[in-house]
Amino acid sequence: VRRKMAAPEEIEVRVDALTSFKEHPKYKEMVAYGFDNKEQVHVAMVVYLYLSQAKKWCEIDIQPCPALQLVTLYGRPTEGDDLQVMVPLGKQTDLSVQRLREFLTHVPLPQDDLEMEEPELITKRLTLAICDTDSTIVFYRITDGFVPPDPPEVVAEKKAKKRQWKKRKGPRTQQSQ
């Protein structure tokens, strides 16, 4: 298969898009934390844009984790959902059981959970957002210990809520492949 080379004006558009990426206010906020790992800041921005633009999460907040020198994201997929914690990582990041334990120990819980009456009963969970160089993102949820499955009636309620949300939001547009 022969591919046509990009025209110079197309290349300029790509360079401008990259430049505007680094001028984004959230990117500047992440860089201002002063962490040495610039790749993690870049990955955090890619995940932030994916959640805010492609997935249309209703709330996304950026928080530093100085103990691990990481940028973390907190957000809600929809208004009624629990606040979720995302740890953006590059695919080259070395992961071990010890490293996962560090994430669970040092990444703070969302403020919603801290205001509960019995915070010690919370099973700490967070999601690793592992990003490849082509911006493909794989999400892995990790928890501190075992998490029992929801009872059937809770699962049914969540499914009904999700269907109701999709009806309100309307049909999604299909992107051509």
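The shown structure was predicted, so the numbers you read here are calculated from the model rather than taken from an experiment.

Novice: Help me out: how do you make sense of the pattern of salt bridges in this one?
Specialist: Note that side chains of opposite charge can pair when their charged atoms are close. The final tally for this structure, using the stated rule, is seven salt bridges. A salt bridge links Glu59 to Arg76, with the nearest nitrogen and oxygen atoms 3.3 Å apart. Of the two residues, Glu59 sits in strand β1 (residues 59-65) while Arg76 sits in strand β2 (residues 70-76), which places them 17 residues apart along the sequence. Glu59 gets classed as partly exposed once you look at its relative accessible area, which sits at 39%. Here Arg76 falls in the buried class, since its relative accessible area comes to 11%. A salt bridge links Glu102 to Arg99, with the nearest nitrogen and oxygen atoms 2.9 Å apart. Of this pair, Glu102 and Arg99 both sit in helix α4 (residues 97-106), separated by three residues, roughly a single helical turn. With relative accessibility at 25%, the residue Glu102 sits in the partly exposed group.

Novice: I tried to follow the nonpolar core on my own but got confused; where do I start?
Specialist: The tendency in soluble globular proteins is for nonpolar side chains to be buried as a group. In this structure, Met30, Val47, Tyr48, Leu51, Val71 and Leu73 are the most contacted members of the largest nonpolar core, which totals 21 residues. Take this core: its biggest share by element is eight residues, from helix α3 (residues 38-54). Excluding residues within four positions of it along the chain, Val71 makes contact with Met30, Tyr33, Phe35, Gln40, Val41, Ala44, Ile62, Gln63 and Pro88. One finds Leu70, Tyr74, Val85 and Phe103 within the second-largest nonpolar core, a separate group that totals 15 residues.

Novice: So what exactly am I meant to see when it comes to the pairing of β2 here?
Specialist: Moving residue by residue along a regular strand, the side chains alternate between the two faces of the sheet. Counting buried residues along β2, seven of its seven residues qualify, which places the element largely inside the surrounding structure. Burial along β2 is two-sided: the face carrying Leu70, Thr72, Tyr74 and Arg76 and the face carrying Val71, Leu73 and Gly75 are both buried. Here β1 pairs with β2 via seven bridges, running antiparallel. Residue pairing for β2: Ile60 is matched across the bridge by Gly75. Turn length for the β1-β2 hairpin, with the two strands adjacent in sequence and antiparallel, is four residues, and the turn residue Gln69 shows positive phi of about 55°. Taken together, the three bridges between β2 and strand β3 (residues 84-90) define a ladder with antiparallel strand orientation. Within β3, the residue paired with Leu73 across the bridge is Met86.

Novice: Looking at this structure, I do not really get the packing of helix α2 (residues 25-32) against α3. What am I missing?
Specialist: Working note: a packed helix pair is described by the angle between its axes plus the distance between those axes. One can describe the packing of α2 onto α3 by two numbers: an axis separation of 10 Å at closest approach and a directional angle of 150°. Helix-helix and strand crossings are classified by hand; for α2 and α3 the assignment is right-handed. Contacts between α2 and α3 pair Lys26, Tyr27, Met30 and Val31 from the former with Val41, His42, Ala44, Met45 and Tyr48 from the latter. Grouping the constituent residues of the contact of α2 with α3 by class yields seven nonpolar, one polar and one charged.

Novice: Help me out: how do you make sense of the pairing of β3 in this one?
Specialist: For β3, the tally of buried residues reaches seven of seven residues, placing the bulk of the element in the interior. Residues Gln84, Met86, Pro88 and Gly90 of β3 are buried on one face, and the alternating residues Val85, Val87 and Leu89, pointing to the opposite face, are buried as well. Direction of pairing for β3 relative to strand β4 (residues 125-131): parallel, over a ladder of five bridges. Counterpart to Leu89 in the pairing with β4 is Ile130.

Rules behind the numbers
Residues numbered from 1 in each chain as written. Predicted model: local features only at pLDDT ≥ 70, side-chain atom pairs only at ≥ 80, totals over all residues. Heavy atoms only, no water. Salt bridge = Lys/Arg side-chain N within 4 Å of Asp/Glu carboxyl O. Helix = DSSP H or I, 4+ residues; strand = E, 2+ residues; numbered from the N terminus. Buried < 20%, exposed > 50% of the residue type's maximum accessible area, 1.4 Å probe, protein only. Core = buried A, V, L, I, M, F, W, Y, C linked by side-chain atoms within 4.5 Å. Contact = heavy atoms within 4.5 Å. Pairing = 2+ DSSP bridges. Axes fitted to C-alpha atoms, helices over the stretch in contact; angles between N-to-C directions. Left-handed = near helix turned anticlockwise from the far one by under 90°. Nonpolar A, V, L, I, M, F, W, Y, C, P; charged D, E, K, R; others polar.

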